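Structural characterization, general
Below, each chain spelled out in residue letters.
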Amino acid sequence: MFTLVVLSFFVAVVLALTAYLQCKARWWSGLLAAFGLFAVGWVIASNIPVDDLRRQLPPLAYFGLAAWIAAPVILVGSGLALLLRRGRFGDRVPVIVFFGGWVTTFVLFVTIASL
């Protein structure tokens, strides 16, 4: 249970940092970063030889996996910031995204763990 709390906390921190950076940037920068990370992960995954997949993965494969995990997190964080900064929330956007992301990811992780 402690691991789920800590893991969801770190996901919420990344969401809040992305939302904070998106509030100060142009509308397309967060979306471009997410798609860029996805493309980097795809390039890395497509360049791993098939022979390496039968054995232990090379360390570069884990960077591709990290890029694929980070891409949707950044996409969600920047998307939430784009939606919330149009409202009356102003400087509270990262705080709202942090607490909402923490609760949501914790519930998601607990649900997945209980399956």
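1. Some thoughts on the nonpolar core
Core analysis: the biggest nonpolar cluster contains seven residues, these being Leu 15, Ala 19, Val 73, Ala 81, Leu 84, Val 93 and Val 97. Considering every element that reaches this core, the biggest residue donor is helix 4 (residues 59-85), with three residues. When sequence neighbours within four positions are dropped, the list of residues in contact with Leu 84 reads Phe 89, Val 93, Ile 96 and Val 97.

2. Section: the environment of Trp 28
As for its position among the elements, Trp 28 is in the loop between helix 1 (2-24) and helix 2 (29-46). Through-space distance from the C-alpha of Trp 28 to that of Val 97 is 19 Å; in sequence the pair is 69 residues apart.

3. Re the packing of aromatic side chains
This structure, assessed with the given rule, holds six aromatic pairs. On the basis of an interplanar angle of 90 degrees and a centroid distance of 5.7 Å, the ring pair of Phe 9 and Phe 98 is categorised as edge-to-face. Highlighted residues: Phe 9 in helix 1 and Phe 98 in helix 5 (residues 93-114), separated in sequence by 89 residues. Exposure remark for Phe 9: the relative accessible area of 31% places this residue in the partly exposed category. Geometrically, the ring pair formed by Phe 98 and Phe 99 is edge-to-face, given 5.0 Å between the ring centres and 70 degrees between the ring planes. In textbook terms, an aromatic cluster arises when at least three aromatic residues are bridged by ring pairs, as seen for Phe 9, Phe 10, Phe 98, Phe 99 and Trp 102.

4. Observations regarding helix 1
The end-to-end C-alpha distance of helix 1, which contains 23 residues, comes to 33 Å, matching closely the 33 Å that a straight helix rising 1.5 Å per residue would cover. Within the sequence span of helix 1, burial applies to Leu 4, Ser 8, Ala 12, Leu 15, Ala 16, Thr 18, Ala 19 and Gln 22. Where the residues of helix 1 are buried, they touch helix 2, helix 4 and helix 5.

5. Focus on helix 4
Within an α-helix, residues lying three or four positions from one another point in the same direction, as the helix has 3.6 residues per turn. Look at helix 4: 39 Å from first C-alpha to last across 27 residues, which is about the 39 Å you get at 1.5 Å a residue. Within helix 4, the full set of buried residues consists of Ala 61, Gly 64, Ala 67, Ala 71, Val 73, Ile 74, Gly 77, Ser 78, Ala 81, Leu 82 and Leu 84. The inward-facing, buried residues of helix 4 abut helix 1, helix 2 and helix 5.

6. Some words on the packing of helix 4 against helix 5
At a minimum axis distance of 10 Å, the contact between helix 4 and helix 5 shows a crossing angle of 130 degrees. Judged by the inter-axis angle, helix 4 sits oblique to helix 5. The element helix 4 and its partner helix 5 pack so that their crossing is right-handed. Touching Leu 80, Ala 81, Leu 84 and Arg 85 of helix 4 are Val 93, Ile 96 and Val 97, all from helix 5. Classifying every residue of the contact of helix 4 with helix 5 by side-chain character gives six nonpolar, no polar and one charged.

So, how was this worked out
Residues numbered from 1 in each chain as written. Predicted model: local features only at pLDDT ≥ 70, side-chain atom pairs only at ≥ 80, totals over all residues. Heavy atoms only, no water. Core = buried A, V, L, I, M, F, W, Y, C linked by side-chain atoms within 4.5 Å. Buried < 20%, exposed > 50% of the residue type's maximum accessible area, 1.4 Å probe, protein only. Helix = DSSP H or I, 4+ residues; strand = E, 2+ residues; numbered from the N terminus. Contact = heavy atoms within 4.5 Å. Phe/Tyr/Trp six-rings, centres within 6.5 Å; stacked < 30°, edge-to-face > 60°. Expected span 1.5 Å × (residues − 1). Axes fitted to C-alpha atoms, helices over the stretch in contact; angles between N-to-C directions. Parallel < 35°, antiparallel > 145°, perpendicular 65-115°, else oblique. Left-handed = near helix turned anticlockwise from the far one by under 90°. Nonpolar A, V, L, I, M, F, W, Y, C, P; charged D, E, K, R; others polar.

So yeah, pure geometry; function would need other evidence.
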